[in-house]
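# Summary of the model geometry
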Amino acid sequence: MLVLILSVVVLLVIGGCVCVFWAARGDAPRWARGVAKATLLGSELTRSASRSSRSQQSGGGE
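The residue numbers shown here count from 1 along each chain, following its written sequence. For a predicted model such as this one, the threshold for reporting local features is a pLDDT of at least 70, and the threshold for listing and counting side-chain atom pairs is 80 or more; totals across whole chains, interfaces and linings nevertheless cover every residue. The side-chain values count all of the structure's non-hydrogen atoms but skip hydrogen atoms and water molecules.

## Some thoughts on the packing of aromatic side chains
Pairing of aromatic rings covers Phe, Tyr and Trp, the last through its six-membered ring, and needs centres within 6.5 Å; plane angles under 30 degrees mean stacked, over 60 mean edge-to-face, and all others mean tilted. Summed over all chains, the structure comprises one aromatic pair. Centre to centre, the rings of Trp22 and Trp31 are 5.7 Å apart; their planes meet at 80 degrees, and the pair counts as edge-to-face.

Written as structure tokens, this is what we have:
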């Protein structure tokens, strides 16, 4: 069951990356641009969460 869930997550990530690449080329349909925007937003949220957890572990000072 865990392998199935991880496989679905990996497929979604790969699909999101393909849509980002497609949208960057400029010839993507509207739905692919929406998926690309959602993928980039998810990436930014993950990155900011990673930074905040890292700064809390190191004591908050940079």
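On we go.
## Things to note about a nonpolar patch on the surface
On the surface, a cluster of nonpolar side chains totalling about 720 Å² of accessible area is made up of Met1, Leu4, Ile5, Val8, Val9, Leu12 and Val13. Mapped onto the elements of the fold, Val9 is located in helix H1 (residues 2–25). Like-charged residues within 9 Å of one another, or nonpolar side chains (Val, Leu, Ile, Met, Phe, Trp, Tyr) within 5 Å, are grouped into patches, provided each residue has over 30% relative accessible area and no salt bridge. Calculation of accessible area relied on Shrake-Rupley with a 1.4 Å probe; when residues are assessed, cover is drawn exclusively from the protein chains displayed. Any carboxyl oxygen of Asp or Glu within 4 Å of a side-chain nitrogen of Lys or Arg constitutes a salt bridge here. Counting from the N terminus, the helices are DSSP H or I runs at least four residues long and the strands are E runs at least two residues long.

## With respect to the pattern of salt bridges
All chains considered together, the criterion is met by two salt bridges. Arg25 is paired through a salt bridge with Asp27; the nearest N and O atoms lie 3.6 Å apart. The cut-offs for exposure are 20% and 50% of the maximum accessible area for each residue type, with area from a 1.4 Å probe on protein chains only; residues under the lower value are buried, those over the upper are exposed, and the others partly exposed. Accessibility expressed as a relative area gives 44% for Asp27, which makes it partly exposed. As a salt-bridge pair, Arg47 and Glu44 come within 3.2 Å of each other at their nearest N and O atoms. Separated by three residues within a single helix, Arg47 and Glu44 lie in helix H2 (residues 30–57), roughly one turn from each other. Judged by its relative accessible area of 39%, Arg47 falls in the partly exposed class. A residue is classified by how much of its surface remains accessible, and Glu44, at 44% relative accessible area, is partly exposed.

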